[in-house]
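One-letter residues, chain by chain:
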Amino acid sequence: MPPVKDALLLLLDVGPSMDSVLPEIEKACSLLVQKKMIYSKNDEVGIVLFGAEDTDNELTTEVGGYQHVVVLKKIKVVDGDIHEALQQLPRGTTDGDFLDAVIVGMDMLIKKFDQTNKGKKRLCLITNAQCPIKEPYEGTKEEQVTIIAKQLTAHGMKMESIIFRGKLGQDANREIMDENDHLLNIFSKETSTRLLYLENPISLFGALRTRNITLVTTFRGDLEISQKLSIKVMVYKKTAEEKFPTLKKYSDKAPPSAQYATHELKIDYEYKSSEDRDKVLPPDQRIKGYPYGPQIVPISRSEWDAVKFQPEKGVKLLGFTDSSNIFRHHYMKDVYVFLPQPGNTGAMLALSALARAMKEMDKVAILRCVWRKGQSNVSIGVLTPNLSDKENIPDSFYLNVLPFAEDVREFQFPSFSNFPASWKPNGQQLEAAANLIKTLDLAPHGQPEVLLPDFTTNPVLERFYRFLELKSKDPDVAVPPIDDTLKKITEPDADLLLQNKSVIDSFCRSFELKGQPLKKSRRLWGGKRSSTNDVIENASVKVEKIGDLTPAQNASVKVEKIGDLTPAQDFEALISRRDSPDWVVKAINEMKNKIFDLVEDSHEGDNYPKAFECLVVLRKGCILEQEPKQFNDFLKHICNFCRENRLHSFCQYLASKDLTLISKTEAVDSDVTDEEARSFLVESEPKVE
């Protein structure tokens, strides 16, 4: 039998005060078991209910007491039986005592595993902690909790408490809740376990741990501040993306008696010689080949290693800068956490002194990171101090990877100053928009944040797991509608919209909203092209044609881009502008794109004359501006494009019009001879026999 990876005992409060949240607990716990069946099928799970109507546990039979505590499912390997039991939890009729449930759970784990399975035994308590705890026979409640916590530690058990505190009713007793919170804090301190308070039942999905992920160090070594100063640190990943489970192929060839068969398919590849198809090449005779034009260039592993960049392992400080110089939207990849070496007092003091000094001066550090020897890439990151408010947790740093220059994508947007005054928002509109943003903020000032990242589950993954469970029972089942719980995550909060209806109405009154009809396609698949008149009729604004203006008016109009109506005239106007040297480059690039669009959208050659006119104008402009290479490269490129996409008719059309490349005779900077220019389109045409 394979070893148990994790033994989890769910302690669930089913008392009357939990009726409103029990449906969410059923969904969250059943989903937890379902994930375990996918990720950790050897894990074991048990269920204990307290606040139930009946009593069913071994301690009641052996020593008495522990009333209204029911062992719904004993600890066993996760299966569909446990999953179904969690989907229909019985409703209790009396107040629950969570200390009784903890003691019953401890007894079950001790009897099941004794001293084995160290560190893999967990208790998960879910309650609202609003019901009173019975007085112990001896001592105080605090002493009793301390004894239980020490027993948990002695037997290698861990405990996490999830306390749901939604909207409190009138019958909620604040004194009892404060006393229970004090007892739960003793558990948290004595056993170093999680104590979570949730305001929203949706947060249960994120609070329940699906599986324990073992922390693995990304880097162990020195944080080099200078040549004479370094700090021993250990680097871990703080966050990581949770991905879909790998859907592998399943084999049914294993016999039914093979209980632990994996049913996985293994794929193996054989490499054979091109000269002798029956000869299988061993790994030491294989060399990777890379295409270079029509050839395959073999490059051995030793040659790769000789030219590969192999930096030395290490984390070095490059310098400090103000935190305002680092932007949050520049953070890339996952977050790392820098901790001092455990047991190294000097490293803890040095790291703490550095972190507190940086926090006081509002500085961040820029690091050069190479996590392991032989790593092919180098990371540049920003180190941000993270000060601890607990005595047993040292200060640390967070590292976020920064982009290099080629990783940054700058998006240029037009300024409002270029718009007419009638398009610009007035003061009333700006105020209405600002109020709308404030009221719909999920993290309002002075209030708890809604949908906290730590407690908000991924709705796509949750929907996948739920459909997978249905699919396992019925292969032909249809995709179910989105669950109400997931709708609360993915859709706007109806209560929030209702509370701020006046602000939303004010925003709508401040702006005149008009529908924008979709433009018709320029070319239909049936072969019929939509006319330009259709596009103009569907536009929501009136377009004044430059051609309708008088010559004097035409001269005063500055063309900003090449349009669809008169591209040749727009190109000439753009390239003749001298208020900036960028207009020449802009005109040439836009004309290239326009020619490509005309050729690609052409139906039976209807756009060829207009594309040829644009090519002639582009050729003339490139000669005047001494840019012959721009035109020659573009003409070659568009001809190759036409051959690859079965548009040979356009090349034939250009050949009939005697369009040639720009030769040295026409432009000194050209590298094309007169003979090459004249024979370009003639040679490129395929011979017809």
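Residues numbered from 1 in each chain as written. Predicted model: local features only at pLDDT ≥ 70, side-chain atom pairs only at ≥ 80, totals over all residues. Heavy atoms only, no water.

Student: It is not clear to me how helix α10 (residues 427-439) should be interpreted in this structure. Could you clarify?
Tutor: An α-helical turn contains 3.6 residues, so any two residues separated by three or four positions project in the same direction. With 13 residues, α10 extends 19 Å from end C-alpha to end C-alpha; this agrees with the ideal 18 Å at 1.5 Å per step. All of the buried residues along α10 are Q429, A432 and L436. One side of α10 carries all its buried residues, which in axial view fall inside an arc of 60 degrees. Exposed residues lying more than 90 degrees from the buried face of α10 are G427, L430, E431, I437 and K438. For α10, the secondary structure elements touched by its buried residues are α14 (501-510). N-cap assignment for α10: the residue whose side-chain oxygen lies 3.2 Å from the backbone N of Q428 is N426. (Helix = DSSP H or I, 4+ residues; strand = E, 2+ residues; numbered from the N terminus. Expected span 1.5 Å × (residues − 1). Buried < 20%, exposed > 50% of the residue type's maximum accessible area, 1.4 Å probe, protein only. Arc of directions from axis to C-beta. Contact = heavy atoms within 4.5 Å. Polar contact = N/O pair within 3.5 Å; in protein donor to acceptor, adjacent residues only side chain to side chain.)

Student: When you look at unusual backbone geometry in this model, what are you seeing that I'm missing?
Tutor: A positive phi is found at H263, a non-glycine position, where the angle reads about 60 degrees. Mapped onto the secondary structure, H263 falls in the loop between β8 (230-237) and β9 (288-292). Of note in this structure, K333 is not a glycine but carries a positive phi near 60 degrees. Here K333 lies in strand β12 (residues 332-340). K333 sits in the exposed class, given a relative accessible area of 63%.

Student: Honestly, the confidence of the model for the chain in this entry has me stumped. Any pointers?
Tutor: The predicted coordinates should not be examined in detail at positions where pLDDT is low. In this model, the chain carries an average pLDDT of 82, and 89% of its residues clear a pLDDT of 70 or more. When the criterion is pLDDT under 50, residues 520-556 qualifies, and its contacts beyond four places in sequence or with other chains add up to 29 contacts. Counting interchain partners and residues more than four positions distant, the pLDDT-below-50 stretch residues 683-689 has three contacts. (pLDDT = per-residue confidence, 0-100.)

Student: Is there a simple way to think about the sheet that holds strand β2 (residues 44-50) in this case?
Tutor: Remark on secondary structure: sheet strands pair via backbone hydrogen bonds, oriented parallel or antiparallel. Taken in spatial order, the six strands line up as β3-β2-β1-β4-β5-β6 in an open sheet, and their pairing is mixed. Of all the strands in the sheet, just β3 (69-77) and β6 (195-198) have a single pairing partner and so form its edges. Pairs of neighbouring strands in the sheet enclose a mean axial angle of 15 degrees, with direction left out of account. As judged from the seven bridges shared by strand β1 (residues 7-13) and β2, these two strands associate in the parallel manner. (Pairing = 2+ DSSP bridges. Axes fitted to C-alpha atoms, helices over the stretch in contact; angles between N-to-C directions.)

Student: Hey, could you run me through the nonpolar core in this one?
Tutor: Most often, soluble globular proteins have nonpolar side chains that are buried together. Core analysis: the biggest nonpolar cluster contains 42 residues, and F571, I595, L618, L635, I638 and F650 have the highest contact counts within it. Only α17 (567-575), α18 (582-600), α19 (608-624), α20 (628-644), α21 (648-656) and α22 (674-684) provide two or more residues apiece to this core. Residues A28, V45, L86 and A207 belong to the second largest nonpolar core, which totals 37 residues. (Core = buried A, V, L, I, M, F, W, Y, C linked by side-chain atoms within 4.5 Å.)

Student: Mind showing me how you'd approach the pairing of strand β7 (residues 217-224) here?
Tutor: Within a regular strand, the side chains alternate between the two sheet faces. Pairing of β7 with β8 involves seven bridges; the strand directions are antiparallel. Paired with T217 across the two strands is Y236, which belongs to β8. Hairpin connection from β7 to β8: five residues lie between these consecutive antiparallel strands. Two elements, β7 and strand β11 (residues 314-322), share two bridges in a ladder whose sense is parallel. Across the sheet, L223 pairs through a bridge with V315, a residue of β11.

Student: Would you take a moment to explain the sheet that holds β11 for this structure?
Tutor: An order of β7-β8-β12-β15-β14-β13-β11 is seen for the seven strands of this closed barrel, with the pairing classed as mixed. Neighbour to neighbour, the strand axes of the sheet diverge by 35 degrees on average, direction disregarded. Direction of pairing for strand β14 (residues 379-386) relative to strand β15 (residues 396-401): antiparallel, over a ladder of six bridges. Paired with P385 across the two strands is F397, which belongs to β15.

Student: I keep staring at the pattern of salt bridges and nothing clicks. Help me out?
Tutor: One side chain can pair with another of opposite charge once the charged atoms of both are near each other. In the structure shown here, the tally under the stated rule is 31 salt bridges. A salt bridge links D483 to K27; its shortest N-O distance comes to 3.2 Å. Of this pair, D483 sits in the loop between α11 (459-473) and α12 (484-490) while K27 sits in helix α1 (residues 22-39), and the two are 456 residues apart along the sequence. You can call K27 partly exposed: its relative accessible area is 26%. Note that E135 is salt-bridged to K141, the shortest N-O span being 3.7 Å. A residue is classified by how much of its surface remains accessible, and E135, at 60% relative accessible area, is exposed. Sharing partners across several salt bridges, the network here consists of D6, K36, D43, R122 and E160. (Salt bridge = Lys/Arg side-chain N within 4 Å of Asp/Glu carboxyl O.)

Student: Just to check I follow, could you spell out the packing of aromatic side chains for this structure?
Tutor: By convention here, two paired aromatic rings are described through the distance between centres and the angle between planes. Per the counting criterion, the structure on display carries 11 aromatic pairs. Judged by centre distance (6.1 Å) and plane angle (85 degrees), the ring pair of F612 and Y653 falls under edge-to-face. Taken together, the residues F612 in helix α19 and Y653 in helix α21 connect sequence positions 41 residues apart. Here F612 and Y653 have matching classes, each one buried. Through successive ring pairs, a cluster of aromatic residues spans F219, Y336, F338 and W371. (Phe/Tyr/Trp six-rings, centres within 6.5 Å; stacked < 30°, edge-to-face > 60°.)

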